[in-house]
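The residues making up each chain are set out below.
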There are 2 protein chains.
Amino acid sequence: MRLFSPVDRSKSPSARQTLNCTSGPIYRAASEGQAWRLRSGVVRLDNIGPKGEAVFASLAIAGDIIGCETLLFGAYTFSATALTQCEMSPWPEGDSVPAGESLLASLAQAQRRAADVVALRGGQAADRVLGLIRLLVDSTGQVVLPMRQDIADITDLRFETISRIIKQLERMQILLPLRMDGVHATRGFRVNLPA
Amino acid sequence: MRLFSPVDRSKSPSARQTLNCTSGPIYRAASEGQAWRLRSGVVRLDNIGPKGEAVFASLAIAGDIIGCETLLFGAYTFSATALTQCEMSPWPEGDSVPAGESLLASLAQAQRRAADVVALRGGQAADRVLGLIRLLVDSTGQVVLPMRQDIADITDLRFETISRIIKQLERMQILLPLRMDGVHATRGFRVNLPA
DNA sequence: CGCATTTTTGATACACGTCAATCTCCGTGG
DNA sequence: CCACGGAGATTGACGTGTATCAAAAATGCG
């Protein structure tokens, strides 16, 4: 069970105040806090559903700003949960970029990301999973996927379906599991995309 | 077939420069133009797909800002199409609201709208259509729905499925068709939601 | 009035959901 | 060191919600 706990500030307190956080809750909707730029990793944003449960709302990946609504409302609109190891730093960064332009860039980025997420919820199941992989793969051709259940929440499929699709992609050599200590990783892969 | 044509500026050139546009194309991705605030109506935003076709990306309803990325890039990111009669006015409005705060409000609004759209693409078909109806119903309890095909694009269902669901909602008296010239309207309804 | 567009409806197919069992991986404690 | 237990992942058998294909009806526009 995931419990909400403060962000780990122990690592890299040196340059530019980057914060490390392990997979797990980052902040909760309606709580107070600041905005962040996600330096690396994957974060899911959730609405609170009618029965208090988390309802997937959006996704943030490296470069995205999360929680900037606190600058306006003083509280977070969504809950944020790290789906992989993440690095974040406070936003705005206080560098020379003019505030208005920086905000505008964030708005444009948020809209494009939203379109990406919408696309992950349409079409055939395998294409949705591939779409997510394309979104998450890094420049070296590797990817650390979220848990099957989180992929299912993002794509509006069932985790059994996700499991079948990922195993199929492995058999097709599109996903090549990374080995850690000689054992088959279930979430880290080298990606070998056809297109 | 929908062809792109300029916005009709003939109506209400008086106060605050509000523009009327009939159902149809508003602007095209990559073209130049300004940002707009949608005063009334429903607009779909589309990405250009791999084969040049329109791929649904997001939805804008009354109060939303569309095309604000032109302020940054000088060109639209998405294509915009009116799904119902719309009224729009140029944005920013040039009133007293500070630019930064106004932008921030737009960003927060865009994020909430994106979460709404994501929710319209998850769960059972009937719930998705009901979700859209809830989003579009006005304060008087009436709604003018987009065409079945557009609802299908938004919810990632087929128009035949949408047709069946709407007919079912009519039979359940949740949607009460408005009569115009004595004929059964297929898109205007009085809404009688259970919850 | 006539024709193109949109909507409705029916019959059938299949992709994904559901339920259940098993397996792997890992941390914990005896 | 190994037994134990829990979380996550895999796999199989079967059910069902929606897609697909086809045809007709209703609507709206010139």
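The following refers to the structure shown. (Residues numbered from 1 in each chain as written. Chains lettered and ligands numbered in written order. Predicted model: local features only at pLDDT ≥ 70, side-chain atom pairs only at ≥ 80, totals over all residues. Heavy atoms only, no water.)

A look at the overall build of chain A
Right, on to step 1. Counting its secondary structure elements, chain A contains five helices and 11 strands.
Right, on to step 2. Taking all contacts inside chain A whose residues are at least 6 apart in sequence as the whole, residues at least 24 apart take part in 61%.
Right, on to step 3. Of the roughly 9,900 Å² that chain A leaves accessible, carbon and sulfur atoms contribute 53%. (Helix = DSSP H or I, 4+ residues; strand = E, 2+ residues; numbered from the N terminus. Contact = heavy atoms within 4.5 Å. Areas by Shrake-Rupley, 256 points an atom, 1.4 Å probe, with all protein chains shown as cover.)

Quick look at the nonpolar core
Right, on to step 1. Core analysis: the largest hydrophobic core is formed by 55 residues, its most contacted members being Leu-59 and Leu-145 of chain A together with Leu-59 and Leu-145 of chain B.
Right, on to step 2. Ranked by residues supplied to this core, first place goes to helix α3 (residues 125-136) of chain A with six residues.
Right, on to step 3. Contact partners of Leu-145 of chain A, with chain neighbours within four places excluded, come to Thr-84, Ile-133, Leu-136, Ile-151, Ile-166, Leu-175, Arg-187 and Phe-189 of chain A. (Core = buried A, V, L, I, M, F, W, Y, C linked by side-chain atoms within 4.5 Å. Buried < 20%, exposed > 50% of the residue type's maximum accessible area, 1.4 Å probe, protein only.)

A word on the interface of chain A and chain B
Right, on to step 1. Each partner contributes residues to the interface: chain A has 30 residues there, and chain B has 30 residues.
Right, on to step 2. Contact between chain A and chain B buries roughly 2,500 Å² in total, counting both sides, with carbon and sulfur atoms accounting for 74%.
Right, on to step 3. Seen at the junction of chain A and chain B, the total is two salt bridges.
Right, on to step 4. Measuring nitrogen to oxygen at the nearest pair gives 3.9 Å for the salt bridge that ties Asp-156 of chain B to Arg-128 of chain A.
Right, on to step 5. Remark: the boundary between chain A and chain B carries four residue pairs in polar contact (both at pLDDT 80 or more).
Right, on to step 6. Within the residue set of the side of chain A that touches chain B, elements represented by two or more residues are β5 (54-61), α1 (70-73) and α2 (99-119) of chain A.
Right, on to step 7. Among the elements that make up the side of chain A that touches chain B, the one with the highest residue count is α2 of chain A (15 residues).
Right, on to step 8. Residues of the side of chain A that touches chain B, tallied by class, amount to 17 nonpolar, seven polar and six charged. (Buried area = accessible area lost by both parts, 1.4 Å probe. Salt bridge = Lys/Arg side-chain N within 4 Å of Asp/Glu carboxyl O. Polar contact = N/O pair within 3.5 Å; in protein donor to acceptor, adjacent residues only side chain to side chain. Nonpolar A, V, L, I, M, F, W, Y, C, P; charged D, E, K, R; others polar.)

Focus: the protein's contact with DNA strand D
Right, on to step 1. Close to DNA strand D lie 19 residues; Arg-148, Ser-163 and Arg-164 of chain A together with Ala-125 and Thr-161 of chain B are nearest.
Right, on to step 2. Within 4 Å of the protein, atoms of DNA strand D come from sugar and phosphate in 66% of cases.
Right, on to step 3. Between DNA strand D and the protein, one listed contact pairs a base nitrogen with a side-chain N or O atom of Arg-164 of chain A at 2.9 Å.
Right, on to step 4. At 2.3 Å, a side-chain N or O of Thr-161 of chain B approaches a phosphate oxygen of DNA strand D.
Right, on to step 5. For the surface near DNA strand D, the elements supplying multiple residues, two or more each, are α5 (159-171) and β11 (183-191) of chain A together with α5 (159-171) and β11 (183-191) of chain B. (Near = heavy atom within 4 Å.)

Remarks on the environment of Ala-60 of chain A
Residues and elements named next belong to chain A.
Right, on to step 1. Tracing the chain through its elements places Ala-60 in strand β5.
Right, on to step 2. Sequence separation between Ala-60 and Arg-44 is 16 residues, and the spatial gap between their C-alpha atoms is 6.3 Å.
Right, on to step 3. Look past the residues within four positions of Ala-60 in its chain and what remains in contact with it is Leu-38, Gly-41, Val-42, Val-43 and Ile-66.

Describing the protein's contact with DNA strand C
Right, on to step 1. Near DNA strand C you find 17 residues, and of these Ala-125 and Thr-161 of chain A together with Arg-148, Ser-163 and Arg-164 of chain B are the closest.
Right, on to step 2. For DNA strand C, the fraction of protein-proximal atoms (within 4 Å) that sit in sugar or phosphate groups is 64%.
Right, on to step 3. One of the side-chain nitrogen or oxygen atoms of Thr-161 of chain A is found 2.4 Å away from a phosphate oxygen of DNA strand C.
Right, on to step 4. Secondary structure elements with two or more residues in the surface near DNA strand C: α5 of chain A together with α5 and β11 of chain B.

Some thoughts on the pairing of strand β8 (residues 86-91) of chain B
Residues in a regular strand project their side chains so that they alternate between the two faces of the sheet.
Residue and element names in this part refer to chain B.
Right, on to step 1. With five of six residues buried, β8 is to be regarded as a mostly interior element.
Right, on to step 2. Bridge count for strand β1 (residues 19-21) against β8 is three bridges, and the pairing is antiparallel. Its bridge partner being in β8, Cys-21 is matched across the sheet by Cys-86.
Right, on to step 3. Here five bridges tie strand β3 (residues 35-40) to β8, and the two strands are oriented antiparallel to one another. (Pairing = 2+ DSSP bridges.)

Side note on the sheet that holds strand β2 (residues 24-27) of chain A
All names here are of chain A.
Right, on to step 1. Pairing in this open sheet of four strands is antiparallel, and the strands run β2-β7-β4-β5 from one edge to the other. Looking at which strands have only one partner, the edges of the open sheet turn out to be β2 and β5. Across the sheet, the mean angle separating the axes of adjacent strands is 35° when strand polarity is ignored.
Right, on to step 2. Bridge count between β2 and strand β7 (residues 79-82): three bridges; the pairing is antiparallel. Pairing of Pro-25 across the sheet is with Thr-81, part of β7. (Axes fitted to C-alpha atoms, helices over the stretch in contact; angles between N-to-C directions.)

Digging into the packing of α2 of chain A against helix α2 (residues 99-119) of chain B
Right, on to step 1. For the pair α2 of chain A and α2 of chain B, interaxial distance at closest approach is 10 Å and the crossing angle is 5°. Between α2 of chain A and α2 of chain B, the crossing angle belongs to the class labelled roughly parallel. For the pair α2 of chain A and α2 of chain B, contact is made by Gly-100, Leu-103, Leu-104, Ser-106, Leu-107, Ala-110, Ala-114, Val-117 and Val-118 of chain A and by Gly-100, Leu-103, Leu-104, Ser-106, Leu-107, Ala-110, Ala-114, Val-117 and Val-118 of chain B, respectively.
Right, on to step 2. Looking at the contact of α2 of chain A with α2 of chain B residue by residue, the class counts come to 14 nonpolar, four polar and no charged. (Parallel < 35°, antiparallel > 145°, perpendicular 65-115°, else oblique.)

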